[in-house]
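Here are the chains, one letter per residue:
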Amino acid sequence: MNAKSQITVTFLPEQRTASVKHGTSLLEAVRKAGIVLATRCGGKAGCMMCKVSVERAEAGALRPPAEAEKRKLGSLLDEGVRLACQAAIWGDVRVYIPEDPLKAAVRRRLEAARRGETEELW
């Protein structure tokens, strides 16, 4: 058990942080940091929309995955992918939040427009 009363979670790439108590879910910490992370299942490991990544060296800062998370993620766990709704925080950790697919598409189009490229929609 972590002796610290507050644990710091840093969310990348935005560099936002949240101070939370031991055992807080990553999903709660994400929300506390003011980051939007889509979810439809209400935190029951059903929709798999809240996938995040943690470096292997920091995996011990999260509670090991329970059976529901193991079944859902399978080999993705070996790549550091976790479900934010299921992963409880045990120590200071850096978590990568993937870019929303719609935002990524818009960003790519804007970057292409700045370079003078055209990109077909269909």
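Heads up: these notes are all about the structure in this document.

Considerations on the overall build of the protein
Turning to step 1, where the next piece is worked out: The number of helices and strands found in the protein is 3 helices and 5 strands.
Turning to step 2, where the next piece is worked out: Taken from N to C terminus, the helices and strands of the protein fall in the order β-β-α-β-α-β-β-α.
Turning to step 3, where the next piece is worked out: Expressed as lengths along the three principal axes of its C-alpha atoms, the size of the protein is roughly 55 × 30 × 25 Å.
Turning to step 4, where the next piece is worked out: For the protein, with 122 residues in total, the buried portion stands at 34%.
Turning to step 5, where the next piece is worked out: Within the structure as shown, the protein displays about 7,900 Å² of accessible surface, and the carbon and sulfur contribution to it stands at 53%.

Topic: the pairing of strand S2 (residues 16-20)
Look at any regular strand and the pattern is simple: side chains alternate between the two faces of the sheet.
Turning to step 1, where the next piece is worked out: For strand S1 (residues 7-12) and S2, the ladder comprises 5 bridges, and the chain directions are antiparallel. Within the sheet, the bridge partner assigned to Val9 lies in S2 and is Ala18.
Turning to step 2, where the next piece is worked out: The turn joining S1 and S2, which pair antiparallel and follow one another in sequence, is formed by 3 residues; a positive phi near 60° is taken by Gln15.

Observations regarding the state of the cysteines
Turning to step 1, where the next piece is worked out: Under the defined criterion, the tally for this structure stands at 0 disulfides.
Turning to step 2, where the next piece is worked out: Free cysteine Cys41: the closest other cysteine sulfur is in Cys47, separated by 3.8 Å.
Turning to step 3, where the next piece is worked out: Lacking any disulfide linkage, Cys50 is separated from the closest cysteine sulfur, that of Cys85, by 3.7 Å.

Quick look at the pairing of strand S3 (residues 51-54)
Turning to step 1, where the next piece is worked out: Of the two faces of S3, only the one carrying Val52 and Val54 is buried; Lys51 and Ser53 on the other face are not.
Turning to step 2, where the next piece is worked out: Looking at chain direction, S3 and strand S4 (residues 81-83) are connected through 3 bridges and run antiparallel. Residue pairing for S4: Lys51 is matched across the bridge by Leu83.
Turning to step 3, where the next piece is worked out: Bridge analysis of S3 against strand S5 (residues 93-96) gives 2 bridges, and the strand direction is antiparallel. Counterpart to Ser53 in the pairing with S5 is Tyr96.

Considerations on the side chain of Arg82
Turning to step 1, where the next piece is worked out: Among the secondary structure elements, Arg82 is positioned in strand S4.
Turning to step 2, where the next piece is worked out: Since its relative accessible area comes to 7%, Arg82 is described here as buried.
Turning to step 3, where the next piece is worked out: Only 2.9 Å separates the side chain of Arg82 from the backbone oxygen of Arg63, close enough to count as a polar contact.
Turning to step 4, where the next piece is worked out: Polar contacts involving the side chain of Arg82 include one to the side chain of Glu69, which spans 2.8 Å.

A closer look at the pattern of salt bridges
Turning to step 1, where the next piece is worked out: Applying the stated criterion to the full structure yields 4 salt bridges.
Turning to step 2, where the next piece is worked out: With a closest N to O distance of 3.0 Å, Arg16 and Glu14 form a salt bridge.
Turning to step 3, where the next piece is worked out: Given the relative accessible area of 47%, Glu14 is considered partly exposed.

Conventions used here
Residues numbered from 1 in each chain as written. Predicted model: local features only at pLDDT ≥ 70, side-chain atom pairs only at ≥ 80, totals over all residues. Heavy atoms only, no water. Helix = DSSP H or I, 4+ residues; strand = E, 2+ residues; numbered from the N terminus. Buried < 20%, exposed > 50% of the residue type's maximum accessible area, 1.4 Å probe, protein only. Areas by Shrake-Rupley, 256 points an atom, 1.4 Å probe, with all protein chains shown as cover. Pairing = 2+ DSSP bridges. Disulfide = S-S within 2.5 Å. Polar contact = N/O pair within 3.5 Å; in protein donor to acceptor, adjacent residues only side chain to side chain. Salt bridge = Lys/Arg side-chain N within 4 Å of Asp/Glu carboxyl O.

Everything listed here is a matter of geometry and, on its own, says nothing about what the molecule does.
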